[in-house]
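So the chains spell out like this:
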Amino acid sequence: YFLGIGWNIKDGIDKALEQAGPGFDMLVDGVVRYGSYPFITEIKVEGTAVSSEKMVAEMGQEGFNKWLNGHQVTTAETVKVINE
């Protein structure tokens, strides 16, 4: 991002999921790194892409919900954006 204008973590996560392929909608064990260089801000997101649809098919909805409850999961509904 030129001059760091408009950068956000969500874009990096979205790009990582797009690169993983269709059907992937979650990152597990994700790491977000950013670098700041003269005039440029860089964001790198790494993690294991997972398809929640496939997990539900394998575990059942109850098993999937149990799995979610055992992990720290962030969703669009639980994220609060604070602008300073």
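In short, a report on the structure.

What counts, and at which threshold
- Residues numbered from 1 in each chain as written.
- Predicted model: local features only at pLDDT ≥ 70, side-chain atom pairs only at ≥ 80, totals over all residues.
- Heavy atoms only, no water.
- Helix = DSSP H or I, 4+ residues; strand = E, 2+ residues; numbered from the N terminus.
- Expected span 1.5 Å × (residues − 1).
- Contact = heavy atoms within 4.5 Å.
- 1 Å grid on protein atoms, 1.4 Å probe; cavity = no way out; pocket = protein on both sides within 12 Å on 5 of 7 lines; lining within 4 Å.
- Points joined across faces, edges and corners; volume = space filled by probe spheres on them.
- Nonpolar A, V, L, I, M, F, W, Y, C, P; charged D, E, K, R; others polar.
- Pairing = 2+ DSSP bridges.
- Bend = angle between axes of the 7 residues up to and from the residue.
- Buried < 20%, exposed > 50% of the residue type's maximum accessible area, 1.4 Å probe, protein only.
- Patch = residues over 30% accessible without salt bridge, like charges linked within 9 Å, V, L, I, M, F, W, Y side chains within 5 Å.
- Areas by Shrake-Rupley, 256 points an atom, 1.4 Å probe, with all protein chains shown as cover.
- Salt bridge = Lys/Arg side-chain N within 4 Å of Asp/Glu carboxyl O.
- Phe/Tyr/Trp six-rings, centres within 6.5 Å; stacked < 30°, edge-to-face > 60°.

Turning next to helix H1 (residues 9-20). Relative to the 16 Å expected for 12 residues at 1.5 Å per residue, H1 spans 17 Å between its end C-alpha atoms, a close match to the ideal helical length. Among the structural elements, strand S1 (26-37) and strand S2 (40-50) are those in contact with the buried residues of H1. Positive phi appears at Gly21, one or two residues downstream of H1, with a value of about 120°.

A few words on the layout of surface pockets. Volume-wise, the second largest pocket comes out at about 200 Å³. Gly12, Lys15, Ile43, Lys44 and Val45 are the residues nearest the centre of the second largest pocket, which is lined by 11 residues in total. Its residues assigned to classes, the lining of the second largest pocket shows four nonpolar, three polar and four charged.

Examined bridge by bridge, S1 and S2 share 10 bridges and lie antiparallel to one another. In the sheet register, Met26 faces S2, and the bridge partner there is Val50. The hairpin turn running from S1 into S2, its antiparallel successor, is two residues long, and Phe39 in that turn takes a positive phi close to 75°.

Next up on the list: helix H2 (residues 52-69). A rise of 1.5 Å per residue sets the reference length of H2, with its 18 residues, at 26 Å; its end C-alpha atoms lie only 14 Å apart and thus fall more than 12% short of the reference. Its axis deflected by about 110° at Gly60, H2 carries its strongest bend there. Taken residue by residue, H2 has Ser52, Met55 and Phe64 as its buried positions. Looking at the buried positions of H2, the neighbouring elements they touch are S1 and S2.

Looking now at a nonpolar patch on the surface. A cluster of nonpolar side chains, Phe2, Leu3, Ile5, Tyr37, Phe39 and Ile40, forms an exposed patch at the surface whose accessible area comes to about 690 Å². By the element assignment, Tyr37 lies in strand S1.

A ring pair, where both rings are aromatic, is described by two values, the distance of the centres and the angle of the planes. Going through the model one piece at a time under the given rule, you end up with one aromatic pair. On the numbers, 6.2 Å between centres and 15° between planes, the contact of Phe64 with Trp67 is stacked. Taken together, the positions of Phe64 and Trp67, both in helix H2 and three residues apart, correspond to about one turn of that helix. Phe64 gets classed as buried once you look at its relative accessible area, which sits at 7%. Taking relative accessible area as the criterion, Trp67 reaches 21% and is therefore assigned partly exposed.

Phi is positive for Asp29, close to 55°, though the residue is something other than glycine. Mapped onto the fold, Asp29 is located in strand S1. Positive phi, close to 75°, is recorded for Phe39, a residue that is not glycine. Mapped onto the elements, Phe39 comes out in the loop between S1 and S2.

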